[in-house]
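Single-letter residue listing:
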Amino acid sequence: MDCELLATCSALGYLEGDVYHKEFDCLESVKDLIRYLRHEDDTRDVRQQLGASQIVQNDLLPIIVQHGQDKLLFDACIRLMVNLTQPAMLCFGKVPDDPVFRHHFLEVTSHLQAYKEAFASEKVFGVLSETLYNLLQLDWEQRQEEDNLLIERILILVRNVLHIPADPNEEKKVDDDASIHDRVLWALHMSGFDDLVKFLSSAQSEQQWSMHVLEIISLMFRDQTPEALVSAGQARSAEEKQRDSQELEALRQREQAAKRSRNLQRGTRHSRFGGSFVVQGLKSVGDKDVIYHQKINNFKNYTHDCGKAVRRVPKRHRQAQECNDKRRSALNVRLFLREFCLDFLENCYNHLMYLVKENLIREQSQQHDETYYLWALNFFMAFNRGNGFRAEFVSETMSIRAFHFIERNITNYYEMMLTDRKEAVSWSRRMHLALKAYQELLLTVNEMDQSKDETIRQSSNVIKSNIFYMMEYREIFVTLLRKFDETKQPRSYLKDLVETTHLFLRMLERFCKGRKNLMVQRKRVKRRKSKGGKKSVSEQSPEALSETWKIVEEELRAIEFKLSLSLTESVVPFDATSETPLEEQRTEVMIRVQDALLNRLGPEALGLLRAAREVWPEGDVFGSSDVQPEEELELLKQILHADLPRSSAPEPAPDDEDDGAEFEEEELETIQVSEQEFNFLDFIKRFAQPTIVRPYLHLLKTYSKNSPHTNHCIARMLHRIAVDLKMDALLFQLSVFHVFNKLLSDPAAAAFTELVTFAKFVLRGFFKLAAQNDKAYVELLFWKNVGAVREMTEGYTKDGGGKKVAWTEEEEEELRKLYEEHRDSEVPDIIEHILPLLSNSNRNRRQVVVQLVHMGLVSSAKDVKKPKKGTGIVLWTEEQEEELQMLFEEFKDSDDILGNILKKITAKRSRARVVDKLLSLGLISDRRELHKKRRGGGGAGDKGSRGKTRGKSSGRGMTEEEFLSQLTGEFPDADEEGLDRDEEEESEESEEEEGGDVEGTQNGGLMNSINITTSAKRADVSSVARALRQEGMSGPILWLQNCLNKTANYREEDGMSQPVPLVPLTEENEEAMENRSFQKLLKKLGLRAPADEQESFWRIPAKITPSQLRVAAASLSPSEDPPTGGEEGPSGSTESRDQEPDQDPNRDSDQGTSSEQRTQALRALLLERKRKQHSTDHIAPMSSPSPLEQNGTPEKPPVKTSTKRRRVLDDDGDDDDDDEDKENEDDSSAPMTMETNGDVDSDGEDLSAPLKRRRKLVIDDDDDDE
């Protein structure tokens, strides 16, 4: 023993007789021991040395018994004993595999067992009980934190002592004898500690100790069974006497049969004259017959394996070990435990189980604590059922919630058993515990059926209706039987599973008899595979599409285009959390509508179309808002026949092909829930499969050890399969017959009458079939499915039932000619081209490919592999590009540009291909320019009727030339609403477009227009930054500026952008991030606030370019002449002028050096439009001279421009309007992209100023700067 430990233990005190004399520094010595334990190594050397010195038996327990009045010393001793008595499994994590650590593990366990024997004292538990009682007497307000800690430590100490396992080598006790565990329980009972446990279980004010109490109770009843406690102190029933007499009779018959066999084996001659025999027909190692040298009486037991060494079974193939530690305790212990159960059920069970369940659901418990809940449910409900059933005692756990909780845990345990293979045995035991709890719930429901109380029987019917209706509760037994693994799950688990299945089927059968039509839930997993699972439009013939459309049209007309509420609510056209842009999601929705039509799901397609129309109303892509049903029908027809671009998933690597397919199925599978009429025989057919019969056979092999009820459950299930379903041929298997032979030759077969009768029935059926089918004996070697059983009994089909279709010589010659004729053609798929030309129209693609390989025309099926969609690159010739440009010039002013182009173009291409080409040629800069235009109040505006349309919708379709032509004040105030709505709808797409490259002078014009708004925004940002500096936030602003510059550098180096969080590392920066004025500055810079509770920091969005980040950082630099007021147009409201009287004199200083840049930007934009000359000259009437005309700027021709440019100019007005109201903290416009950022939390902008002032503001500023 270590010298320091020895000295510390000696300083505690000494035991003289029964009196313990403590030393002066006893308390400090106990604290030193606690400190030593905290720093012990992996071998737990300190714990082993303290255990070897018997410190608990000789020092700690005498101290708390004789010196319990010293509160500090008592607390320290309890702390030390809690540490010393913790389970060895917690000390080492698991049972070590290494021999050295296994030795240390066993040493610690042996010391724990010695501690447990020392705790079997009434004095020790008396002190613990008295201390705990005094603490519980204190009111909640009077208790200190130390009192609660002491209560918890006492409960944990008792839990640790009860948890210590028994030593089977030392405790060789028989039943009804007191073991060490029984002695501890008796000491616990005599001290009154069990009454305190019951008080903690039922008291409302002691709810926090519920998990500790449940652990102590479960460990108290560790060795007990409910049946043994129910019968404790009572006379044996007649049923028990009859069962014991049957067991004795079976043993007597086996003993007499063994005597008779020994007598028959005695030969008439002396053993030295046994002789040698030649066994004819049984070959030895060579070619000669076997020579037998033993007595002929024993020949029937001869095998070639006699004398051979037993083959060692690999560890992974060994059967799981049974964990049967039940024993019958002493009578006095069983009697007090029985009384405890009665009191606990009556006063504590419902309250405690409710608290534990809430802790488990809210995940406030430790890992695997649900096993205590499952054990308590199983044990106490079984005790209640055996001791005069009282439903009110177990009402808390008698509900559908309990069934659902257990079913979910069984599923979870099975999944963990497959994934965590190292701990598979532990997960299997937990799964067994959950199964027993499920079995007890069913037994209790069955007991409720037999109750005399009508309300209890009604409650039972309600529970059964829910159980039998839900598919999960019906299919769980089929799944568990199919997945049984004898290497991980013991025979006791299989026994409980078979008995539970028998009980469930019996209850279900009885429930179905009294009802004619029983409706149950049915769940079907529908899998959509993106590869080969669905044919696109181009792969289907026009006749098939016409037939599909005919069916869909009839279905929609039958329902009169009215959709159910559930269908309407379940349709989700887009995913707001997806990173896919809205434009691509719109294309995906179109493909989903087409897929629904191809699957002939008319209502789903119509519901998806209407939902998409609400999300994407612009352009009438999914129809206008006031569309008629007939127009919707025509639109669906167009979508059905359209050749939509479908993206093909990349091919996985050959090694990962299976994993990829499995992942793909998981991603695309959906569950369809429906109802169907239940048929009991159809449900029994689910059990008629070899994977379920094999576990029953495995349990049947031990029929002599099984209980009569278990054998009855096995025979009943096999009877259902063989007799009720008339599938006795499923049992025609050699291993089954081997068990039957063993059963029929058993001397005690009279005790298994039911099994013997069934075995004779099956054998009789086999020999009857063997007389007709000479292959039946060969079929005995294999397990058979339903198809093989049918063939075995009804006759075999020739050549696989005609599955292989033969080709005649004429058909082969025809195929050869067609292939050679079209082999050199440029058709994309020669097989699809040949199929319609064959005389036999029943041939499919697979048959043609196989025949081509068989005839040698192609080397393998890969040579004629179906081309993948979306991978072929279709090139445009120069003539086609010129034709496309001419068509665009011709129809650019029409209402449907793309539709007219598709009608006139000679080389037919998809809409997506044409749109992409128009974008690459620079003819358009935004896909929205090709949308159909609506006239009147459609919300999109009419670009062909400039200056004529008035109302709310006129502003939404406004282009740049409209803005410049009507700049002087002919905009009604109502346009403001439509324009802002248009900006919001187009904001997300503009983020991508403005970040991309645009060819030629379009990019230059765009950047110049961005500069117009950048300077104004910088002035606003600088004013906010100056105000913050005056408040003492110079440090956080400098930190923010450095973050922006560093992010810009990183994005330039990496070439890619990701959102960057702003993490404040100093207290000053952290306080600034919580300041509302500082957050206003962040919003003006375009930074994004935390999106949800999972985010904690502000972020720099990925869309902001490095140059924009540097400009934003520069705007934070201190300036000598900061702006002092917002910008306001001359036509601003009276209220705005009153609030900012000094606005006009400071306008020049607000703009600074940016005025010249804005003027040049406008001039460059107008010159670019004049150069292109895309439309005829048209100038809107002006009510007042334009500031551009005053500056000498040439008069602009109206030019059709992109939506993107229009939006940049419009946003400039919004930014100036933001300057008007500096107190608005929800300004979320980005300083560089100048568009509404959907990611930033914003309550909107101040739109109180008239729209014409907002539009004139930019030009007025140029005039002042000039």
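**A word on the overall build of the protein chain**
Reasoning step 1: When helices and strands are counted, the protein chain shows 55 helices and 8 strands.
Reasoning step 2: By the burial criterion, 46% of the 1266 residues in the protein chain qualify as buried.
Reasoning step 3: For the protein chain, the proportion of contacts with a sequence separation of at least 24, taken over those separated by at least 6, is 74%.
Reasoning step 4: Accessible area for the protein chain stands at about 67300 Å²; split by element, carbon and sulfur atoms hold 49% of it.

**Quick look at the nonpolar core**
Reasoning step 1: Ile 217, Phe 221, Phe 380, Phe 403 and Ile 406 are the most contacted members of the largest nonpolar core, which has 191 residues in total.
Reasoning step 2: The contact partners of Ile 217, leaving out residues within four places of it in the chain, are Val 197, Ser 201, Phe 340, Phe 344, Leu 352, Trp 375 and Phe 380.

**Examining helix 31 (residues 708-724)**
Reasoning step 1: Taking 1.5 Å of rise per residue, 17 residues should cover 24 Å, and helix 31 covers 22 Å from first to last C-alpha, within 8% of that figure.
Reasoning step 2: Against the buried residues of helix 31 lie helix 22 (491-513), helix 29 (680-684), helix 30 (690-700) and helix 33 (753-770).
Reasoning step 3: Note on helix 31: the residue one or two positions beyond its end, Lys 726, has a positive phi of about 55°.

**Focus: unusual backbone geometry**
Only a minority of non-glycine residues have a phi that is not negative, and only a minority of peptide bonds are not trans.
Reasoning step 1: The phi dihedral of Gln 54 falls on the positive side, at around 55°, and the residue is not glycine.
Reasoning step 2: Looking at Gln 54, the relative accessible area reads 38%, which means it is partly exposed.
Reasoning step 3: A positive phi angle, near 55°, is found at Lys 726, a position not held by glycine.

**Looking at the pattern of salt bridges**
Reasoning step 1: One pass over the structure, following the stated rule, counts 30 salt bridges.
Reasoning step 2: Here Lys 495 ties to Glu 499 by a salt bridge, and the two come within 3.4 Å at their closest N and O atoms. One end of the pair, Lys 495, and the other, Glu 499, are both in helix 22, 4 residues apart, so they sit about a helical turn from each other.
Reasoning step 3: A salt bridge links Arg 843 to Glu 811; its shortest N-O distance comes to 2.6 Å. Of this pair, Arg 843 sits in the loop between helix 38 (830-834) and helix 39 (845-855) while Glu 811 sits in helix 37 (residues 809-822), and the two are 32 residues apart along the sequence. Both residues of the pair, Arg 843 and Glu 811, count as buried.
Reasoning step 4: Overlapping salt bridges, with partners in common, bring together Glu 40, Arg 44 and Arg 47 in one network.

**Things to note about the packing of helix 16 (residues 349-361) against helix 18 (residues 400-419)**
Reasoning step 1: At a minimum axis distance of 13 Å, the contact between helix 16 and helix 18 shows a crossing angle of 45°. By the angle between their axes, helix 16 is oblique relative to helix 18. Handedness of the helix 16/helix 18 crossing: left-handed. In contact with Lys 357, Glu 358, Leu 360 and Ile 361 of helix 16, helix 18 contributes Arg 401, Ala 402 and Phe 405.
Reasoning step 2: Taken together, the residues of the contact of helix 16 with helix 18 break down into 4 nonpolar, no polar and 3 charged.

**Thoughts on the side chain of His 111**
Reasoning step 1: Within the secondary structure, His 111 sits in helix 7 (residues 99-119).
Reasoning step 2: For His 111, the contacting residues outside a window of four places in its chain are Arg 47, Gln 48, Gly 51 and Ala 52.

**Observations regarding helix 40 (residues 878-891)**
Reasoning step 1: With 14 residues, helix 40 should cover 20 Å at 1.5 Å per step; its first-to-last C-alpha distance of 20 Å lies within 8% of that length.
Reasoning step 2: Within helix 40 the residues assigned to the buried category are Gln 880, Glu 883, Leu 884, Leu 887, Phe 888 and Phe 891. Around the axis of helix 40, the buried residues are gathered within 135° of arc, so they sit on the same side. Counted as exposed and oriented over 90 degrees from the buried face of helix 40: Glu 878, Glu 879 and Met 886.
Reasoning step 3: Check the buried side of helix 40 and you find it contacts helix 41 (897-904) and helix 42 (911-921).

**Comments concerning the packing of aromatic side chains**
Reasoning step 1: For the structure shown, the criterion picks out 33 aromatic pairs.
Reasoning step 2: Aromatic side chains Phe 125 and Phe 193 sit 6.3 Å apart centroid to centroid with 75° between the ring planes, which places their arrangement in the edge-to-face category. A residue pair is termed long-range when its members are at least 10 positions apart, and Phe 125 in helix 8 (residues 122-137) and Phe 193 in helix 11 (residues 193-202) qualify at 68 residues. Phe 193 carries the same exposure label as Phe 125, and that label is buried.
Reasoning step 3: Relative to Phe 687, the ring of Phe 683 lies with its centre 5.7 Å away and its plane at 85°, an arrangement referred to as edge-to-face. Of the two residues, Phe 683 and Phe 687, neither departs from the other in class, the shared state being buried.
Reasoning step 4: In textbook terms, an aromatic cluster arises when at least three aromatic residues are bridged by ring pairs, as seen for Phe 221, Phe 340, Phe 344, Tyr 349, Trp 375, Phe 379 and Phe 380.
Reasoning step 5: In this structure, Arg 430 packs its charged tip against the face of Trp 427, placed 4.6 Å from the ring centre.
Reasoning step 6: The ring of Trp 807 has Arg 843 lying over it, and the distance from NZ or CZ to the ring centre is 3.9 Å.

**A word on the pairing of strand 4 (residues 289-292)**
Reasoning step 1: Across 4 bridges, the pairing between strand 3 (residues 277-283) and strand 4 is antiparallel. Its bridge partner lying in strand 4, Phe 277 is registered against Tyr 292.
Reasoning step 2: Between the end of strand 3 and the start of strand 4, which pair antiparallel, lie 5 residues.

**Quick notes on a nonpolar patch on the surface**
Reasoning step 1: On the surface, Leu 734, Val 778, Leu 781 and Phe 782 cluster together into a nonpolar patch covering about 390 Å² of accessible area.
Reasoning step 2: Among the structural elements, Val 778 can be located in helix 34 (residues 776-779).

**Focus on the environment of Leu 1038**
Reasoning step 1: Assignment of secondary structure puts Leu 1038 in helix 46 (residues 1034-1054).
Reasoning step 2: Assessed through its relative accessible area of 47%, Leu 1038 is described here as partly exposed.
Reasoning step 3: Separated by 79 residues in the primary sequence, Leu 1038 and Ser 1117 have C-alpha atoms spaced 8.2 Å apart.

**Focus: the side chain of Asp 59**
Reasoning step 1: As for its position among the elements, Asp 59 is in helix 4 (residues 55-66).
Reasoning step 2: The charged side chain of Asp 59 is buried without a salt bridge, its nearest counter-charge being Lys 22 at 13 Å.
Reasoning step 3: Those residues in contact with Asp 59 that lie beyond four places of it in its chain are Leu 12, Gly 13, Tyr 20 and Gln 54.

Cut-off values and rules
- Residues numbered from 1 in each chain as written.
- Predicted model: local features only at pLDDT ≥ 70, side-chain atom pairs only at ≥ 80, totals over all residues.
- Heavy atoms only, no water.
- Helix = DSSP H or I, 4+ residues; strand = E, 2+ residues; numbered from the N terminus.
- Buried < 20%, exposed > 50% of the residue type's maximum accessible area, 1.4 Å probe, protein only.
- Contact = heavy atoms within 4.5 Å.
- Areas by Shrake-Rupley, 256 points an atom, 1.4 Å probe, with all protein chains shown as cover.
- Core = buried A, V, L, I, M, F, W, Y, C linked by side-chain atoms within 4.5 Å.
- Expected span 1.5 Å × (residues − 1).
- Salt bridge = Lys/Arg side-chain N within 4 Å of Asp/Glu carboxyl O.
- Axes fitted to C-alpha atoms, helices over the stretch in contact; angles between N-to-C directions.
- Parallel < 35°, antiparallel > 145°, perpendicular 65-115°, else oblique.
- Left-handed = near helix turned anticlockwise from the far one by under 90°.
- Nonpolar A, V, L, I, M, F, W, Y, C, P; charged D, E, K, R; others polar.
- Arc of directions from axis to C-beta.
- Phe/Tyr/Trp six-rings, centres within 6.5 Å; stacked < 30°, edge-to-face > 60°.
- Lys NZ or Arg CZ within 6 Å of the ring centre and 35° of its normal.
- Pairing = 2+ DSSP bridges.
- Patch = residues over 30% accessible without salt bridge, like charges linked within 9 Å, V, L, I, M, F, W, Y side chains within 5 Å.
- Lys, Arg positive; Asp, Glu negative; His and termini not counted.

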